[in-house]
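Survey of secondary and tertiary structure
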Amino acid sequence: MRPTTLAALTWTTLALVACGGEQPAPQPPPSVPPPPPATAASASPPPADTTPPPPAKPSLAELVPQTLKGIHDAFNAHDAKKLASYYSEDAVVESYGTPSRDAHGRDEVAKETQARIDGFSDAKSAVTRVWLKANVAVAEIVWAGTMTGDVMGVKASKKAVGQTRLHVMWFNDDGLVKEQHEYGDAAGVMAQMKGAKSAPAVPTVPSGAPEVHASKGAADEDTLADAGRKMDETFNKDDVKAVLATVADDADYWVNISGGPATKGKKDLTKDLTNWFKAFPDQKWTSTNSWGIDGFEIVEHTLSGTQKGPLGPLAASNKPVTNWHWVDVIQPTADGKMQHGWGYANLVELMSQTGAIKPAPVEKPTPLVKAEPAKAPKGDGGKADAKDPPKKP
């Protein structure tokens, strides 16, 4: 059996050679493919950013009260430069009737403030009431101090001075004052500096928080703003009865140039109105701004006309008066009649136009306009101080 098997293998081998066949060479093992490149999904995540986001920019509703507080804190600290920092670089300040207090730019604001500090070195101020709407603030301010320095050629008298005034302020997006209109009676302050018997009483600067009225965006605020403008149309009619029809029976009205308390009741208001219309029978009022804020009408406006009748101790001048600036704040009843009213102006702005005093010189820095003696009625001893100036309900 073995030879037979060997022979079979031999023939088989020969047959394969004859057919050209050969045994296959051993093949190398297949190569292993490289690993796929790392993908974003398989990459290690970057470390988490733990930096806190920048704080949101405060709203004007937050910034404006801070600016108002900063201004008066700086004034009370007698830091003119700090006070000016709350005004924009291109700020414009208009002090109607006292152009020496006007300022254009932050540097002039600082200089004018320093002049006041130098003249009244212990002066203090406080915001008593403020009305806020969008980028506007209407601030009532009380300040008082002692005349410790010379002011516009008037020697330091060491007399107590002070007043209640109103500022209308506009703010930029950073909460800085970009425009300011000032309403304060320089005639009253001048009388105080001289120690005149008829000078208005010096107010006490309050220490409490101000009364704040912020716009609520209510629909009636547009109605209130319109009512302020319509008040001017009523006065332009030269009709006392038409004005009295817009006044509540128990209404009261106070004006800063009077030096006295508010006029109360329709009887006394009728007397004041009658005298007012005799003084300006051709008066024309022009509204420049008006706002409705939290139940109040606030109107910024000007009076033009001829002073044909007396105003307190000021005799009729028959001189034209142009753009005498006023602000009126009115709190109406539910049916739209005046319940309470407050008026703010500068009597010097009138007197400088009628010849009662010389026009105010524009000289910087100076806190007050220099007032020359005005012609007074007989029996007044030649005093120029405005006693019981007119009241305009």
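Think of each chain on its own: its residues are numbered from 1, step by step along the sequence as written. In keeping with the predicted nature of the model, local features appear solely for residues at pLDDT of at least 70, side-chain atom pairs appear and are counted solely at 80 or more, and the whole-chain, interface and lining totals rest on all residues. Excluding hydrogens and water, the side-chain figures rest on all heavy atoms present in the structure.

1. Quick notes on the sheet that holds strand β8 (residues 247–255)
- In spatial order, the strands read β9-β8-β13-β12-β11-β10; together these six strands make up an open sheet with mixed pairing. In this open sheet, the two edge strands, each paired with only one partner strand, are β9 (263–264) and β10 (284–293).
- Taken strand by strand, helix α6 (residues 220–235) contacts β10, β11 (296–306) and β12 (320–332), and its axis lies near 165° from that of β10. Two strands are counted as paired when DSSP detects at least two bridges linking them. Segments assigned H or I by DSSP are reported as helices when at least four residues long, segments assigned E as strands when at least two residues long, and all are numbered from the N terminus. Contact definition: two residues touch when any of their heavy atoms are within 4.5 Å. Lines are fitted to the C-alpha atoms to define the axes, a helix being fitted only along its stretch in contact, and any angle between axes, read from their N-to-C directions, falls within 0 to 180 degrees.

2. What to know about the pattern of salt bridges
- Take a side-chain nitrogen of Lys or Arg and a carboxyl oxygen of Asp or Glu: if they are within 4 Å of each other, that pair is a salt bridge. Inspection of every chain in the model, using the stated rule, returns 13 salt bridges.
- Glu112 is the salt-bridge partner of Arg101, the closest N and O atoms lying 3.2 Å from each other. Pair noted here: Arg101 is in the loop between β1 (87–95) and β2 (103–104) and Glu112 is in helix α4 (residues 106–119), with a separation of eleven residues, a long-range link. You'll find Arg101 and Glu112 in the same group, each marked buried.
- Across the pair Asp226 and Arg229 runs a salt bridge whose closest N-O atoms are separated by 2.1 Å. With Asp226 and Arg229 both in helix α6 and three residues apart, the pair spans about one turn of that helix.
- Type-normalised accessible area, obtained with a 1.4 Å probe on protein chains alone, sets the label of each residue: buried when under 20%, exposed when over 50%, and partly exposed for intermediate values. By relative accessible area, Arg229 is classed as partly exposed at 35%.
- A network of salt bridges, in which partner residues are shared, links Arg101, Glu112, Arg116, Arg165 and Glu182.

3. Structural notes on the sheet that holds strand β6 (residues 177–183)
- Ordered by their spatial adjacency, seven strands build an open sheet running β2-β1-β6-β5-β4-β3-β7, and the pairing between neighbours is mixed. Of all strands in the sheet, those bounded by a partner on one side alone are β2 and β7 (211–214).
- Alignment of strand β3 (residues 124–133) against strand β4 (residues 136–146), held across nine bridges, turns out to be antiparallel. Within β4, the position partnered with Arg129 by the bridge is Glu140.
- In this fold α4 packs onto β1, β2 and β4, with an angle of close to 55° to the strand it touches most, β1.
- The sheet strands contacting helix α5 (residues 186–194) are β4 and β5 (160–171), and the helix crosses β5 at an angle near 155°.

4. What to know about the pairing of β1
- Taken together, the five bridges between β1 and β6 define a ladder with parallel strand orientation. In the sheet register, Tyr87 faces β6, and the bridge partner there is Val177.
- Pairing of β1 with β2 involves two bridges; the strand directions are antiparallel. From the neighbouring strand, Val93 faces β2, where its bridge partner is Ala103.

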